[in-house]
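Given next are the chains, with one letter for each unit.
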Amino acid sequence: MQREGTAMGRALFAALLILIAAPPARADVRILASPGGEGETYLELFSMLRQSGQRVVIDGPCFSACTLVLSTIPTNRICVTRQAVLGFHSPRWIDRNGRQYAAPAETRLVAATYPAPVRAWIERNGGLKSKPIFLRGRELTAMFPRCS
């Protein structure tokens, strides 16, 4: 959740568009690698994907704001590969000087939007904090189908 650095948010959005690919023969959108960024930018992108009806293939690291894909795209339209890793942390505000501030209301809101199994996993792993936690492997494929 970054209010400052709109240019950086746009750059990250452009990078995400490059990193996700919609192969011409299939209607899948593939997330190959996303470090995250400004939450609003990701929500806009994922809202467009939701309306498109496309399936989202998580095929690599999907960190920070990228995990909002779980809040936006219906679970039955998300699948994961062996390379998929979801990285969660609490949202934060960043001022013009780069100082970070806790965002407890936003943290509660974001956590509440994740699917129930993801929320339970986050709680079992200490909740959303500034230090990231990572969901991968069998725990991840217990929540989302493996892509075929």
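One structure accompanies this document, and this report is about it. Quantities reported herein were computed from a predicted structural model and do not represent experimental measurements.

### A closer look at the overall build of the chain
- Helix and strand content of the chain: 6 helices and 9 strands.
- With the model as given, the accessible surface of the chain reaches about 8,100 Å², and the carbon-plus-sulfur share is 57%.

### Quick notes on helix 2 (residues 39–52)
- Helix length check: helix 2 (14 residues) gives 20 Å between terminal C-alpha atoms against 20 Å at 1.5 Å per residue, within 8%.
- Among the residues of helix 2, Gly39, Thr41, Tyr42, Leu45, Phe46 and Leu49 are the ones counted as buried. Here the buried residues of helix 2 occupy an arc of 155° about the axis, which is enough to place them on one side. Seen from the open side of helix 2, the exposed residues pointing more than 90 degrees away from its buried face are Glu44 and Gln51.
- Positive phi shows up at Gly53, right after helix 2, with a value of about 80°.

### Remarks on the state of the cysteines
- Evaluated as defined, the whole model comprises 2 disulfides.
- Through a disulfide, Cys62 is tied to Cys66; the S-S separation comes to 2.1 Å. Note on the Cys62 and Cys66 pair: the S-S dihedral is about -105°, so by sign convention the disulfide is left-handed.
- Classification of Cys62 by relative accessible area gives buried; the value is 0%.

### A short note on the sheet that holds strand 9 (residues 133–136)
- Across the sheet, which stays open at both edges, the 3 strands sit in the order 4-6-9 with mixed pairing between neighbours. At either margin of the open sheet sits one strand with a lone partner, and together these are strand 4 (61–63) and strand 9. Direction aside, the axes of adjacent strands within the sheet are offset by 20° on average.
- Its contacts with the sheet place helix 5 (residues 116–124) against strand 6 (85–88) and strand 9, and it is angled at close to 135° to strand 9.

### Focus: the packing of aromatic side chains
- Scanning the entire structure with this criterion turns up 4 aromatic pairs.
- Between Phe88 and Tyr114, the aromatic rings sit 5.2 Å apart at their centres with planes inclined by 85°, giving edge-to-face as the arrangement. In this pair, Phe88 is assigned in strand 6 and Tyr114 in the loop between helix 4 (104–113) and helix 5, connecting sequence segments 26 residues apart.
- Overall, Tyr114 belongs to the buried group, its relative accessible area being 3%.
- Cluster of aromatic residues (ring-pair linked, three or more members): Phe88, Tyr114 and Trp121.

### Topic: the pairing of strand 6
- Residues Val85 and Gly87 of strand 6 are buried on one face, and the alternating residues Leu86 and Phe88, pointing to the opposite face, are buried as well.
- The pairing of strand 4 with strand 6 spans 3 bridges and is parallel. Along strand 6, the bridge assignment pairs Cys62 with Leu86.
- Inspection of the sheet shows strand 6 paired to strand 9 by 4 bridges, in the antiparallel sense. From the neighbouring strand, Phe88 faces strand 9, where its bridge partner is Ile133.

Calculation rules
Residues numbered from 1 in each chain as written. Predicted model: local features only at pLDDT ≥ 70, side-chain atom pairs only at ≥ 80, totals over all residues. Heavy atoms only, no water. Helix = DSSP H or I, 4+ residues; strand = E, 2+ residues; numbered from the N terminus. Areas by Shrake-Rupley, 256 points an atom, 1.4 Å probe, with all protein chains shown as cover. Expected span 1.5 Å × (residues − 1). Buried < 20%, exposed > 50% of the residue type's maximum accessible area, 1.4 Å probe, protein only. Arc of directions from axis to C-beta. Disulfide = S-S within 2.5 Å. Pairing = 2+ DSSP bridges. Axes fitted to C-alpha atoms, helices over the stretch in contact; angles between N-to-C directions. Contact = heavy atoms within 4.5 Å. Phe/Tyr/Trp six-rings, centres within 6.5 Å; stacked < 30°, edge-to-face > 60°.

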